[in-house]
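A closer look at the structure
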Amino acid sequence: MTEARPQELAQSVLEVPAKAAIFLTVTVRDGAEQDLREALADVPGLKRSVGFRIPEAGLSCVVGIGSRLWDRAFTDLPKPAGLHPFVPLTGPVHSAVATPGDVFFHIRAIQPDLCFELARQLMLHFDALVDVVDEVHAFRYFDERDLLGFVDGTESPEPPVDDVAAALVADDPVFNGSSYLIVQKYLHDLTAWESLSVEQQERVIGRTKLSDIELPDDIKPSNSHVALNVITDADGNERQIVRDNLPFGRVGEAEFGTYFISYAADVAVTEQMLTNMFIGNPVGNYDRILDFSTAVTGCLFFVPPAGLLDDPESYGTPAVTEQTTEATHSSKTDGSLGIGSLKRSGSK
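Along every chain, residues carry numbers that run from 1 in the direction the sequence is written. Local features in this predicted model are restricted to residues whose pLDDT is 70 or higher, and side-chain atom pairs enter the listing and the counts only when it is 80 or higher, whereas totals over whole chains, interfaces and linings include all residues. Side-chain calculation: all heavy atoms of the structure are included, whereas hydrogens and water are not.

**Comments concerning the overall build of the protein chain**
Operational definition: Under the scheme used here, helices are H or I runs from DSSP no shorter than 4 residues and strands are E runs no shorter than 2 residues, and both carry numbers assigned from the N terminus. The size measure is the radius of gyration over C-alpha atoms, and the globule rule it meets is 2.2 Å times the number of residues to the 0.38 power. For every residue, the accessible area (1.4 Å probe, protein chains only) is compared with the maximum for its type, and the residue is labelled buried under 20%, exposed over 50%, or partly exposed between those bounds. Note on contacts: a residue pair is in contact if any heavy atoms of the two residues lie within 4.5 Å. For the purpose of counting charges, residues Lys and Arg are taken to be positive, whereas Asp and Glu are taken to be negative. His and the chain ends are not included. In plain terms, the charge of a residue is placed at NZ if it is Lys, CZ if Arg, CG if Asp and CD if Glu.
Broken down by element type, the protein chain carries 12 helices and 12 strands. Here the protein chain has a C-alpha radius of gyration of 20 Å; the compact-globule value for 348 residues is 20 Å, and the two agree. A principal-axis box enclosing the C-alpha atoms of the protein chain has dimensions of 60 × 50 × 40 Å. The 348 residues of the protein chain split such that 51% are buried. Long-range pairs, those at least 24 residues apart, make up 79% of the contacts in the protein chain with a sequence separation of at least 6. Averaged over its 27 positive side-chain charges, the protein chain has a centre that lies 4 Å from the centre of its 52 negative ones.

**As for unusual backbone geometry**
Following asparagine 281, the chain continues into proline 282 via a peptide bond in cis, with omega recorded as 0 degrees. Along the chain, the position of proline 282 falls in the loop between α10 (267-278) and β11 (293-295). Unusually for a residue other than glycine, phenylalanine 142 sits at a positive phi of about 50 degrees. With respect to the helices and strands, phenylalanine 142 occurs in the loop between β6 (130-139) and α6 (162-167). With a phi angle near 60 degrees, aspartate 212 is a residue other than glycine that sits in the positive phi range. One can find aspartate 212 in the loop between α8 (198-205) and α9 (225-228).

**Quick notes on the nonpolar core**
It is characteristic of soluble globular proteins that their nonpolar side chains tend to be buried jointly. Condition: To form a nonpolar core, buried Ala, Val, Leu, Ile, Met, Phe, Trp, Tyr and Cys residues must be joined to one another through side-chain atoms within 4.5 Å.
Formed by 71 residues in total, the largest nonpolar core has its most connected members in Leu40, Trp70, Phe105, Ile107, Leu122, Phe126 and Phe278. The dominant element in this core, judged by the number of residues it contributes, is α10, at 6 residues. The contact partners of phenylalanine 278, leaving out residues within four places of it in the chain, are Leu89, Gly91, Pro92, His94, Ser95, Ala96, Gln184, Tyr186, Tyr286, Leu290 and Ala295. By size, the runner-up hydrophobic cluster in this structure holds 23 residues, among which are Val13, Val136, Ala138 and Leu246.

**Overview of the packing of helix α3 (residues 43-51) against helix α5 (residues 112-125)**
The following threshold applies: Axes, fitted as lines to C-alpha atoms, cover a helix only where it is in contact. Angles between the N-to-C directions of the axes lie from 0 to 180 degrees. Each crossing is labelled by how the near helix is turned from the far one, with a counterclockwise turn of less than a right angle marking it left-handed and a clockwise turn marking it right-handed. Residues were grouped as follows: Ala, Val, Leu, Ile, Met, Phe, Trp, Tyr, Cys and Pro as nonpolar; Asp, Glu, Lys and Arg as charged; and all remaining residues, including Gly, as polar.
Here α3 crosses α5 at 145 degrees, and the two axes come no closer than 10 Å. Like other packed secondary-structure pairs, α3 and α5 cross with a definite hand, here right-handed. For the pair α3 and α5, contact is made by Val43, Leu46, Lys47 and Val50 and by Leu114, Glu117, Leu118, Gln121, Leu122 and His125, respectively. Its residues assigned to classes, the contact of α3 with α5 shows 6 nonpolar, 2 polar and 2 charged.

**A short note on the side chain of lysine 220**
Quick reminder of the rule: Pairing of N or O atoms within 3.5 Å defines a polar contact, subject to two protein rules: one partner must be a possible hydrogen donor and the other a possible acceptor, and residues neighboring in sequence count only if both atoms are side-chain atoms.
Inspection of the secondary structure assignment puts lysine 220 in the loop between α8 and α9. Judged by its relative accessible area of 13%, lysine 220 falls in the buried class. A polar side-chain atom of lysine 220 sits 2.4 Å from a polar atom in the side chain of glutamate 214. Setting aside its immediate chain neighbours within four residues, lysine 220 contacts Gly206, Glu214, Leu215, Val226 and Ala227.

**Section: the confidence of the model for the protein chain**
For clarity, the threshold we go by: pLDDT expresses, on a scale from 0 to 100, how confident the predictor is about each individual residue.
Within the protein chain, residue pLDDT values average 90, and 90% of them lie at 70 or more. Low pLDDT, under 50, characterises residues 319-347; the stretch is placed with 55 contacts to residues that sit more than four places away or in other chains.

**As for the pattern of salt bridges**
To be explicit about the condition: Here a salt bridge means any side-chain nitrogen of Lys or Arg lying within 4 Å of a carboxyl oxygen belonging to Asp or Glu.
By the definition in use, this model includes 21 salt bridges. For arginine 72, the salt bridge goes to glutamate 33, with nearest N and O atoms at 2.5 Å. Pair noted here: arginine 72 is in helix α4 (residues 67-73) and glutamate 33 is in helix α2 (residues 33-39), with a separation of 39 residues, a long-range link. For arginine 72, a relative accessible area of 30% puts it in the partly exposed group. Three or more residues joined by partner-sharing salt bridges are found here, namely Arg207, Asp212, Glu214, Asp217 and Lys220.

In structure tokens form, the structure reads like this:
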């Protein structure tokens, strides 16, 4: 029997960059865990109902589950190996905070009305079960730029191979096709940022502003954003994550920000990037971008395979035993799915 590939089991993690998105973080009310678990099965149907109106708009919705909710609502299932509460970081100057979040909805499309309608239907569906703790309406800005004026996501993995390897778990006996999601909302001090010259801004980021070319190593500072987001394994291979960042803002409130969203097969890769940024590499050599961008939220979620939302019981202990037995008798003993190696970091 041919094994399903991770991308065939996954939720809509690997989508083309959207022009609009809504990021919804909610907490689940005490006593509502079982009802919430059952209600999650209806999310794909709600997405289809809304998206059917304009199918070419590419509406999608990814659902992430937090560690504390997993411990409350999915006690009959094995806990994903990389799922734990977001680890706050306190550096010499800046901090990455941990904030509440039980369920995360990543809604995206090429136009905002579909995102809005799906978000509205989701909140109607989960009424009396959850409380919204963070809601961000984001948009694509010019040629993939953030509000700092730089292209965001240049080194994201290239489909159809590298992004699968970077974002989707491929070697778990239960949760193949899953992913680990870290999200943070950053607020920018544009007044301070725009007081810098273009050359100074480029040294903070590590790329040229207009042409988006990485600065040479002898010019690029060691505390630039690009330099500190290169993660290598023991063999010297650079590790990747899949970002889907988008800018957001409210001009009347002078609120300007970037919503950081990272999908990874190995959550430790994203966590090491954040450690480099906030603690520094070496310690004290923190990411200079943090002098202009403040993280005001921080959450970690497990993005289960699509089938788990519909039928979580099938991922319980009996399924683990059966899949482990099949794996033992499989002629493919190295666990490889032939989806390529990790060669580049998902740096800005």
